[in-house]
Amino acid sequence: MTVVDEVPGAVVARQMVFGQLLSRAVCTAAELGLSDLLAGGPLTVAELADRARVDPRRLTQLMRCLAAFGVYSGGSDGSYELTAVGATLCTGAAGSALPTALLAAGEVGAAWAGMLGTVRTGRTAFDELLGESFFEHLGRDGRLRELFDRSQSHDQELEIDQLLAAVDFSRHRRIVDVGGGDGTLLARLLQAHPRAEGVLLDDAKTAANARTRMHRAGLANRCTSVGGDFFSAVPADGDLYLLRQILHDWDDERCVRLLRVCRRAMRPGTRLLVIERIVEEGATGEDARFAALMDLYMMTVVGGAERTAGEFGDLLAKADFTVEAVHRLPTAGAVIDARAGAVVS
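Rules used in this analysis
Residues numbered from 1 in each chain as written. Predicted model: local features only at pLDDT ≥ 70, side-chain atom pairs only at ≥ 80, totals over all residues. Heavy atoms only, no water. Pairing = 2+ DSSP bridges. Helix = DSSP H or I, 4+ residues; strand = E, 2+ residues; numbered from the N terminus. Contact = heavy atoms within 4.5 Å. Axes fitted to C-alpha atoms, helices over the stretch in contact; angles between N-to-C directions. Disulfide = S-S within 2.5 Å. Buried < 20%, exposed > 50% of the residue type's maximum accessible area, 1.4 Å probe, protein only. Arc of directions from axis to C-beta.

> Can you explain the sheet that holds strand 3 (residues 79-82)? Please cite residues and give values.
Overall, antiparallel pairing links the three strands, which are arranged 1-3-2 in an open sheet. The open sheet terminates on both sides in strands that have one partner only, identified here as strand 1 (43-44) and strand 2 (72-74). In this structure, strand 2 lies alongside strand 3, joined through three bridges in antiparallel fashion. Its bridge partner being in strand 3, glycine 74 is matched across the sheet by tyrosine 80. Across the sheet, helix 5 (residues 56-68) is in contact with strand 2 and strand 3; its angle to strand 2 comes to roughly 105°.

> How would you sum up the state of the cysteines? Please name residues and give values.
Counted according to the given criterion, the structure contains zero disulfides. No disulfide involves cysteine 65; its nearest neighbouring cysteine sulfur is the one of cysteine 27, lying 12 Å away. Take cysteine 90: it sits in no disulfide, and the sulfur closest to it among the cysteines is that of cysteine 27, at 16 Å. Taking relative accessible area as the criterion, cysteine 90 reaches 10% and is therefore assigned buried.

> Residues and numbers for helix 18 (residues 309-318), please.
Spacing of three or four residues puts side chains on the same side of an α-helix, whose turn is 3.6 residues. Within the sequence span of helix 18, burial applies to Phe312, Gly313, Leu315 and Leu316. The buried residues of helix 18 occupy one face: seen down the axis, they fall within an arc of 165°. On its buried face, helix 18 sits against helix 16 (252-265), strand 8 (271-277), strand 9 (321-328) and strand 10 (333-340). Aspartate 320 sits one or two positions beyond helix 18 and adopts a positive phi of about 70°.

Listed below in structure tokens is the structure:
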């Protein structure tokens, strides 16, 4: 039975409208560092307000809301402590949602507010707000770049173990991670498969961060991190290529362009893994709702889209790939397992 079946529709609609306030409350907690302050144990509102340097009365209202939604837990003595949800807003927590919340607190969240304009005109709200694309802005704003990379890294932590369990990587000796960020995923793959070597491609600054990660992980001799533009060229001669949450950033035309660049670097039969969320038409439930929300995120911030399995298949076919399998992951993601064809397009 769905929420709509249990609660009058007018109430559900209002809950959805007010959902924006919950997002702002969580983002405010992230900006104030409330979870980090509570990591040492319960605090009263007065103690928390003093450490966060905020108004105690208004903080009381904020904490009541966050406790009602399970972010924090309130005690009978007026103190608050972390819950499992609130702990994910701590700095450095496994799978931390903190950098994602900080992104939403800034330009990303501001772009969401421009959704009406995007739907009316087709133009990306972030571009209209900032006068440049999200990725152009990342190249100029070091703080936003660092937040984005941390958000991506923590997001990957949620599904890496499931990915390793769902897909056989053991036979591959040269893994190319296209748009591999700071190397979180590739490092784990190389640690799990000591006979493999890796190549990571991303922009120059991110590739430098990946080199640092590989050095710290003791993988510098098995992984090369290179800076470049994946719309122009990607490293050749891999026997496995990875595209994790890259295609959803782009429109269909640029997705096909990127896939063709990858195809030109690959021998016939080379394996490509596309790791993305997949939209299921007519589906409900938590996974479907999350994919739908991420679709709006992509629409307003980067001009991209989440796609159905069929839509991904069409893009891959245009670039001379054949889909062999789709592996569903418990985290609402999926792995599309494809092979390069015989014709280089």
